[in-house]
Amino acid sequence: MIRTRAEHPVVRKLNRLYVLFRLALMWLQGYRSRWRIHLGRGFFCNQPSRLHVGGWVSFGRDVKINFVPSADQAMEASLSIGRNVYLGERISINLSGPCRIGDDVMIAEGCAFYDYDHGTDPDTLMRLQPNATAGITIGNDVWIGHGVIVLKGVSIGDGAVIGAGSVLTKSVPPYEIWAGVPAKRLRKRQPAQKKAPLAEAKQAALSFAVGVTQIPVLQHMAGLFP
């Protein structure tokens with residue numbers, strides 16, 4: 001009898017262990033309380049102890065989180081995710097150092113994060129090159145579009161927006177919109193102008209009233225009724 005891969009006893013055991021891991025992770029994060037965590041089908045993390053998640057975080061289908069050894073023995077890979085964070089489907093996060101994602105962040109489908117890369121010494125085979133690591137930091141209220149690639153050493157400021165398909169190689173200041181390959185600044189998100197305070201509104205109305213009383217016709221009428 002020919003068995004398919006899914007029917008193999010080892011695969012079935014691994015699937016059961018995976019389901020138990022998902023249930024344990026949801027329980028540890030308080031799935032039944034206000035600290036709810038959603039894990040999509042196919043979610044994978046090779047070292048769950050290095051993953052720290054806040055409340056109301058949603059992982060889409062086939063999200064992969066891989067922690068890899070760093071050439072710097074003093075650096076330990078970890079991922080910290082804040083509250084109210086959405087990660088879409090097929091996101092790949094590959095870390096050899098610390099990475100932080102703030103609160104109220106939206107990351108669309110197909111994004112990839114790498115906080116390390118190979119060296120490029122021409123005298124050494126590429127497969128033997130040591131990894132260079134630099135952490136990734138994502139601030140609060142950040143929106144990252146579909147298919148964005150974020151490379152090592154990048155910091156994304158609060159309120160920033162990254163356009164779909166971009167390759168981010170430089171840090172992004174707060175409240176700026178970047179896009180392109182490599183990504184460049186397009187414009188700044190300008191906050192809406194605030195309404196004038198009540199005191200300023202009263203002063204404007206008073207000034208208008210004083211100006212109206214200076215009209216000659218009104219001055220003449222005012223003289224008729226002392």
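Residues numbered from 1 in each chain as written. Predicted model: local features only at pLDDT ≥ 70, side-chain atom pairs only at ≥ 80, totals over all residues. Heavy atoms only, no water.

Enquirer: Can you walk me through the packing of aromatic side chains in this structure?
Expert: Any pair of aromatic rings gets described here by the distance separating the centres and the angle formed by the planes. If you walk through the whole model with that rule in mind, you get 2 aromatic pairs. Geometrically, the ring pair formed by F43 and F59 is tilted, given 5.0 Å between the ring centres and 55 degrees between the ring planes. Residue F43 is found in the loop between β1 (37–39) and β2 (44–45), and its partner F59 is found in strand β4 (residues 57–59); the two are separated by 16 residues along the sequence. Here F43 and F59 have matching classes, each one buried. A centroid spacing of 6.5 Å and a plane angle of 80 degrees characterise the contact between Y114 and Y116, whose relative ring orientation is edge-to-face. (Phe/Tyr/Trp six-rings, centres within 6.5 Å; stacked < 30°, edge-to-face > 60°. Helix = DSSP H or I, 4+ residues; strand = E, 2+ residues; numbered from the N terminus. Buried < 20%, exposed > 50% of the residue type's maximum accessible area, 1.4 Å probe, protein only.)

Enquirer: Looking at this model, I keep getting lost on the pairing of strand β8 (residues 92–95). Mind explaining?
Expert: In the case of a regular strand, side chains alternate between the two sheet surfaces. Going residue by residue along β8, you find S92 and N94 tucked away on one face and I93 and L95 tucked away on the opposite face as well. With 4 bridges connecting them, strand β5 (residues 64–67) and β8 associate as parallel partners. Residue F67 lies in a different strand from β8, and its bridge partner there is L95. Of the strand pairs in this sheet, β8 and strand β11 (residues 112–114) are connected by 3 bridges, and their pairing is parallel. Directly across from N94, in β11, lies its bridge partner Y114. (Pairing = 2+ DSSP bridges.)

Enquirer: Help me out: how do you make sense of the pattern of salt bridges in this one?
Expert: Between side chains of opposite charge, a pair can form when the charged atoms approach closely. For the structure shown, the criterion picks out 3 salt bridges. For R50, the salt bridge is made with E76, and the minimal N-O distance between the two is 3.4 Å. Here E76 lies in the loop between β5 and β6 (78–81) and R50 lies in the loop between β2 and β3 (51–53), a separation of 26 residues in the sequence. When its relative accessible area of 22% is taken as the criterion, R50 is described as partly exposed. The class of E76 is exposed, set by a relative accessible area of 55%. R185 is paired through a salt bridge with E176; the nearest N and O atoms lie 3.1 Å apart. Residue classification places R185 among the partly exposed positions, given a relative accessible area of 45%. When its relative accessible area of 9% is taken as the criterion, E176 is described as buried. (Salt bridge = Lys/Arg side-chain N within 4 Å of Asp/Glu carboxyl O.)

Enquirer: Looking at this structure, how should I read the pairing of strand β9 (residues 98–101)?
Expert: Here β9 shows one buried face, formed by C99 and I101, and one open face, formed by P98 and R100. Looking at chain direction, β6 and β9 are connected through 4 bridges and run parallel. Within the sheet, the bridge partner assigned to L79 lies in β9 and is C99. Bridge count between β9 and strand β14 (residues 136–138): 3 bridges; the pairing is parallel. From the neighbouring strand, R100 faces β14, where its bridge partner is T137.

Enquirer: How do you make sense of the side chain of S96 when you look at a structure like this?
Expert: With respect to the secondary-structure elements, S96 resides in the loop between β8 and β9. At 2.7 Å, the side chain of S96 and the side chain of T133 are in polar contact. Apart from the residues lying within four places of it in its own chain, the contact partners of S96 are V68, P69, S70, M75, E76, A77, D115, Y116 and T133. (Polar contact = N/O pair within 3.5 Å; in protein donor to acceptor, adjacent residues only side chain to side chain. Contact = heavy atoms within 4.5 Å.)

Enquirer: Can you help me understand the sheet that holds β2 in this one?
Expert: Strand order in the open sheet formed by 6 strands is β2-β5-β8-β11-β16-β19, and the pairing between neighbours is parallel. In the strand order of this sheet, the two ends are held by β2 and β19 (167–168), each with one partner. One ladder, built from 2 bridges, connects β11 with strand β16 (residues 149–150); its direction is parallel. The residue of β16 that forms the bridge with A112 is I149.

Enquirer: Sorry, what's going on with the sheet that holds strand β7 (residues 85–87) here?
Expert: Each strand in a sheet pairs with its neighbour through backbone hydrogen bonds, running either in the same direction (parallel) or in the opposite one (antiparallel). The 8 strands lie next to each other as β1-β4-β7-β10-β15-β18-β20-β21, forming an open sheet whose pairing is mixed. Looking at the sheet topology across the chains shown, the edges are occupied by β1 and β21 (183–188). The pairing of strand β15 (residues 143–144) with strand β18 (residues 161–162) spans 2 bridges and is parallel. Across the sheet, I144 pairs through a bridge with I162, a residue of β18.

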